[in-house]
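Listed below, chain by chain, are the residues.
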Amino acid sequence: MKARRANSRDRILAAAADVAREAGPGSLSLDAVASRAGVSKGGLLYNFPTKAKLMQGLVENYLKEFEQALETRIAEGGHESALSAYIQLSADDCEKPKPSASWMFSAIAEDPDFLTPIKAFKRQLFERLKGETDDLGSLLICFLAIEGLRSMNLFDSDVLSPEEHKRLVSSLLKIAG
């Protein structure tokens, strides 16, 4: 029974990601997600009792995929540090088009715990990077610069030109060593 539930949960998350990409996360309809996933609306609500919980599931899925991509990059990079891998992966991620963040405000208003997995992920990542460096100052500069870049990207408030992006990433990679 658990495997079946996990399978429907995964199908729902995959369908929600597809619908969100097509219509934008703010226009995500539970009916559209249930239909795309091939489950009843009751089945969707069993796994995700609110739209905010569904959005939180999407965010958790994204974080898991980012972590897996980071682990793969570190393993394949050989000499690349975890911090350098994080910088480059994040910079690459910021170049992908993102939908408006207005959906996130709605999810936070409905459920203040929406940010909990994001905060936990970032704290865990920061602690890992901190454990792998002797230079906390450089880590703080790199981590906060990348998180600032991510925030500008998410909130569609990026003021940097493509050349400035490249220069920022190059500078951060030099700092990271």
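Calculation notes
Residues numbered from 1 in each chain as written. Predicted model: local features only at pLDDT ≥ 70, side-chain atom pairs only at ≥ 80, totals over all residues. Heavy atoms only, no water. Helix = DSSP H or I, 4+ residues; strand = E, 2+ residues; numbered from the N terminus. Buried < 20%, exposed > 50% of the residue type's maximum accessible area, 1.4 Å probe, protein only. Contact = heavy atoms within 4.5 Å. Areas by Shrake-Rupley, 256 points an atom, 1.4 Å probe, with all protein chains shown as cover. Salt bridge = Lys/Arg side-chain N within 4 Å of Asp/Glu carboxyl O.

Each helix and strand in the chain was counted, giving nine helices and zero strands. Of all 177 residues assigned to the chain, the portion counted as buried reaches 38%. Expressed as a percentage of contacts within the chain between residues at least 6 apart in sequence, the contacts between residues at least 24 apart total 62%. Surface accessibility of the chain: about 10,300 Å² in total, with carbon and sulfur atoms responsible for 55%.

The next thing to look at is the pattern of salt bridges. Applying the stated rule across the entire model yields nine salt bridges. Linking D18 and R36 is a salt bridge whose minimum nitrogen-to-oxygen distance equals 3.9 Å. Pair noted here: D18 is in helix α1 (residues 2-23) and R36 is in helix α2 (residues 30-37), with a separation of 18 residues, a long-range link. For R36, a relative accessible area of 40% corresponds to the partly exposed category. Note that R73 is salt-bridged to E80, the shortest N-O span being 3.2 Å. On the basis of relative accessibility, which here comes to 27%, the residue R73 falls in the partly exposed class. Bridged by salt links that share partners, the residues E71, R128 and E132 form one connected network.

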